[in-house]
Amino acid sequence: MAKPFQHRIQYLNNKPIHPKLLANLLLLWGSMVSHADELAIDSVSKVLEKANMLYSEAKFEDARTAFEQAISLDKGSLTAWRGLGWSHWELGQKQRAYQIWQDLHQAFPSDLPTLLALAKASEQDQLWDDATRYYSQALILSPNQLSAQLGQARVFIAQHQFQPAEQAARSALLNAPSDNNTKSLLADALLGQTRFQEAEPLLRQLVKAKPVPFNQLRLAKAITEIGQYQQAAEIYQTSFMSHNDASILTAWRSLGTRLRKAGDKQGAYQVWQLILQTVPTDNA
């Protein structure tokens, strides 16, 4: 009759193994397996760190290879799969990227980073319905997820749906009251609804925080619409002197044209005179 398994293991090579030695061997085996798992985890972590670094350096082909290496070490790493998707995206292989993320989403429908990847990619491709759906799903999973709130607001603004854009931006502002990106989106939503007086204080904050033409031109537009023409002209002058941007000069000239058409010839003259003082060679 065959000996029981535990009894037979004590007679490997026809030599009895002392019970204490057997216990020590089993403990050693367990520690070896545990150590191997730790080494594997550590190895995946290092490869992912390298892959993310390559991606941040815009070395997308090398990043793709590194993410594939991480997957070969751990096929269940969602981080590696998502990173592989973004590498394909940056290499112009968009369909491959979408397929990876869609497969992940089908397998793990509650994985927030995968939903955000699909939403951001759809937004970049101007697939507004898809982007809206994915951002909405992300917000169901995490109602205060700032990037999803901002993404939703951007998509609404791109479609000139300014009221839902305002709602999304205000929700984001509750979540991040000092975030300038959120304030900027809310200002755009208000401008789109011709609510210039409400947009003005937000735009002044943005100009103070970041005096760039994009912010200055929007502020000048808002205060023009509420009749503060001299202030608008001064903003155009300050902006042009700092950035020498042709679009600023065009908007500045149009302020004079607007005043002339409205019958305010003196106001128009003052605007154009200020332009000539700032840009003596301007003949337009």
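In this report, we go over the structure that sits alongside the text. Since this is a predicted model, take the numbers as computed values, not measurements.

## Let's talk about the overall build of the protein
Then comes step 1: Each helix and strand counted, the protein has 15 helices and zero strands in total.
Then comes step 2: By residue count, 39% of the 284 residues in the protein fall in the buried class.
Then comes step 3: Total accessible area on the protein is roughly 16,700 Å²; 55% of this is exposed by carbon and sulfur atoms.

## Considering unusual backbone geometry
Then comes step 1: One non-glycine residue with positive phi stands out, namely His160, at about 60 degrees.
Then comes step 2: With respect to the secondary-structure elements, His160 resides in the loop between helix H8 (146-158) and helix H9 (162-175).

## Concerning the nonpolar core
Then comes step 1: In this structure, Leu203, Tyr236, Trp252, Leu255 and Val271 are the most contacted members of the largest nonpolar core, which totals 41 residues.
Then comes step 2: Looking at this core, the elements that each hand over two or more residues are H8, H9, helix H10 (180-192), helix H11 (196-209), helix H12 (213-225), helix H13 (229-243), helix H14 (246-261) and helix H15 (265-278).
Then comes step 3: Among all residues touching Leu203, those that are not within four sequence positions of it are Ala187, Leu191, Arg218, Leu219 and Ala222.
Then comes step 4: If you look at the next biggest cluster of nonpolar residues, it comprises 34 residues, including Trp89, Leu115, Leu118 and Tyr134.

## Quick look at the packing of H8 against H10
When two helices pack together, their arrangement is given by the angle between the helix axes and by the axis-to-axis distance.
Then comes step 1: Interaxial distance between H8 and H10 falls to 10 Å at its minimum, and their mutual angle equals 25 degrees. What the angle tells us is that H8 and H10 run roughly parallel. Crossing of H8 over H10 shows left-handed handedness. On the side of H8, the interface is formed by Leu146, Leu150, Ala153, Arg154 and Ile157, while H10 contributes Asn181, Thr182, Leu185, Asp188 and Ala189.
Then comes step 2: Split by residue class, the contact of H8 with H10 holds six nonpolar, two polar and two charged.

## Digging into the packing of H12 against H13
Then comes step 1: Contact pair H12 / H13: the axes reach a minimum separation of 8 Å and the direction vectors enclose 165 degrees. Classified by the interaxial angle, the pair formed by H12 and H13 is roughly antiparallel. For the crossing formed where H12 meets H13, the hand is left-handed. Here Pro213, Gln216, Leu217, Leu219, Ala220, Lys221, Ile223 and Thr224 of H12 lie close against H13, whose contacting residues are Tyr229, Gln231, Ala232, Ile235, Tyr236, Ser239 and His243.
Then comes step 2: Its residues assigned to classes, the contact of H12 with H13 comprises nine nonpolar, five polar and one charged.

## Some remarks on the side chain of Ser239
Then comes step 1: Summarising the element assignment, Ser239 is placed in helix H13.
Then comes step 2: Here Ser239 falls in the buried class, since its relative accessible area comes to 1%.
Then comes step 3: In this structure Ser239 touches Pro213, Gln216, Asn244 and Ile248, once residues within four positions along its chain are discounted.

## As for the side chain of Gln145
Then comes step 1: By the element assignment, Gln145 lies in the loop between helix H7 (128-141) and H8.
Then comes step 2: One polar contact links Gln145 to Ser147, side chain to side chain, over a distance of 2.5 Å.
Then comes step 3: At a separation of 3.0 Å, a polar atom in the side chain of Gln145 contacts the main-chain amide nitrogen of Ala148.

## Topic: the pattern of salt bridges
Then comes step 1: Taken as a whole and assessed by the stated rule, the structure comprises 13 salt bridges.
Then comes step 2: Residues Arg82 and Asp111 are paired through a salt bridge, measuring 2.7 Å at the closest nitrogen-oxygen approach. Here the residue Arg82 occupies a position in helix H4 (residues 78-90), and Asp111 occupies one in the loop between helix H5 (94-107) and helix H6 (112-124), the gap between them amounting to 29 residues. Here Arg82 and Asp111 have matching classes, each one buried.
Then comes step 3: Its salt-bridge partner being Glu225, residue Arg258 comes within 2.8 Å of it at the nearest N-O pair. A residue pair is termed long-range when its members are at least 10 positions apart, and Arg258 in helix H14 and Glu225 in helix H12 qualify at 33 residues.
Then comes step 4: Residue classification places Arg258 among the partly exposed positions, given a relative accessible area of 35%.
Then comes step 5: Residue classification places Glu225 among the partly exposed residues on the basis of a relative accessible area of 31%.
Then comes step 6: Residues participating in the shared-partner salt-bridge network are Glu166, Arg170, Arg195 and Glu198.

Conventions used here
Residues numbered from 1 in each chain as written. Predicted model: local features only at pLDDT ≥ 70, side-chain atom pairs only at ≥ 80, totals over all residues. Heavy atoms only, no water. Helix = DSSP H or I, 4+ residues; strand = E, 2+ residues; numbered from the N terminus. Buried < 20%, exposed > 50% of the residue type's maximum accessible area, 1.4 Å probe, protein only. Areas by Shrake-Rupley, 256 points an atom, 1.4 Å probe, with all protein chains shown as cover. Core = buried A, V, L, I, M, F, W, Y, C linked by side-chain atoms within 4.5 Å. Contact = heavy atoms within 4.5 Å. Axes fitted to C-alpha atoms, helices over the stretch in contact; angles between N-to-C directions. Parallel < 35°, antiparallel > 145°, perpendicular 65-115°, else oblique. Left-handed = near helix turned anticlockwise from the far one by under 90°. Nonpolar A, V, L, I, M, F, W, Y, C, P; charged D, E, K, R; others polar. Polar contact = N/O pair within 3.5 Å; in protein donor to acceptor, adjacent residues only side chain to side chain. Salt bridge = Lys/Arg side-chain N within 4 Å of Asp/Glu carboxyl O.

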